[in-house]
Amino acid sequence: MADFALSSHRTVHPDRLWIWRMGVYVDENDRTWVPIKVQEEECPRVLMRQEDVSRGEPVRPSQLPPSVLPVMWQLYPGQRYRSSDYSFWRILYHIRVCGTEDLLLEQIPEP
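The name that an unreviewed UniProt entry assigns to the protein is T-cell leukemia/lymphoma protein 1A, with the source organism given as Phyllostomus discolor. Listed in UniProt under the heading Sequence similarities (unreviewed entry), the comment for the protein reads: "Belongs to the TCL1 family."

Draft legend 1. Spatial organisation of the pattern of salt bridges. On inspection of all chains with the given rule, the structure shows seven salt bridges. Note that R31 is salt-bridged to D27, the shortest N-O span being 2.9 Å. On the accessibility criterion, R31 (22% relative accessible area) is partly exposed. Judged by its relative accessible area of 3%, D27 falls in the buried class. Between E101 and R96 there is a salt bridge, with the nearest N and O atoms lying 3.4 Å from each other. Ionic contacts of the salt-bridge type, sharing partners, join the residues D27, R31, R96 and E101 into one network.

Draft legend 2. Focus on the packing of aromatic side chains. Per the counting criterion, the structure on display carries three aromatic pairs. Look at Y76 and F88: their rings are 5.6 Å apart centre to centre, the planes differ by 80 degrees, and that puts the pair in the edge-to-face class. Residue Y76 is found in strand β6 (residues 72–76), and its partner F88 is found in strand β8 (residues 88–97); the two are separated by twelve residues along the sequence. Y76 gets classed as partly exposed once you look at its relative accessible area, which sits at 29%. Here the aromatic cluster, defined as three or more aromatic residues joined through ring pairs, consists of Y25, W73 and W89.

Draft legend 3. Geometry of the environment of L104. Position of L104 among the secondary structure elements: in strand β9 (residues 100–107). On a C-alpha basis, the gap between L104 and Y93 in space is 5.4 Å, while along the polypeptide they are eleven residues apart.

Draft legend 4. Spatial organisation of the environment of M22. One can find M22 in the loop between β2 (16–21) and β3 (24–27). Residues M22 and V71 lie 49 residues apart in sequence; the distance between their C-alpha atoms is 9.7 Å. Apart from the residues within four sequence positions on either side, M22 is in contact with L64 and P65.

Draft legend 5. Structural context of the side chain of S83. Position of S83 among the secondary structure elements: in strand β7 (residues 80–83). Reaching out from S83, the side chain makes a polar contact with the side chain of D85 at a distance of 2.3 Å. Not counting residues up to four positions away in its chain, the partners in contact with S83 are P70, M72, W73 and W89.

Draft legend 6. Layout of the pairing of β3. Neither face of β3 is open: one carries V24 and V26, the other Y25 and D27, and all of them are buried. Of the strand pairs in this sheet, β2 and β3 are connected by four bridges, and their pairing is antiparallel. Residue L17 lies in a different strand from β3, and its bridge partner there is D27. Hairpin connection, β2 to β3: the antiparallel pair is bridged by two residues, and G23 has positive phi, about 85 degrees.

Procedures and definitions
- Residues numbered from 1 in each chain as written.
- Predicted model: local features only at pLDDT ≥ 70, side-chain atom pairs only at ≥ 80, totals over all residues.
- Heavy atoms only, no water.
- UniProt positions renumbered as here; feature names shortened; annotations may be inferred.
- Salt bridge = Lys/Arg side-chain N within 4 Å of Asp/Glu carboxyl O.
- Buried < 20%, exposed > 50% of the residue type's maximum accessible area, 1.4 Å probe, protein only.
- Phe/Tyr/Trp six-rings, centres within 6.5 Å; stacked < 30°, edge-to-face > 60°.
- Helix = DSSP H or I, 4+ residues; strand = E, 2+ residues; numbered from the N terminus.
- Contact = heavy atoms within 4.5 Å.
- Polar contact = N/O pair within 3.5 Å; in protein donor to acceptor, adjacent residues only side chain to side chain.
- Pairing = 2+ DSSP bridges.

Have a look at this one:
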């Protein structure tokens, strides 16, 4: 039987994620993040993956089509982000496995 080693650990959350262009966000450390899967049901969720991708040209938020995803997230206390539209998104998990970093966010419903 083969012996497989799986390295995984939690990682430090980005302080901010800004949209650069459609499908590409940048954090404060100049790393690029891409939304891998977006679920747009009652509580929107997004799986963000840190990937080194070509940034291309930056786009103004006014040039972007409507989206469930905000143009910016800012880390707040309590394992959550506040977005540019003032909604809150909870961090369901943030993990790095075999060099791939994933951040799963879920929008918190307003009371």
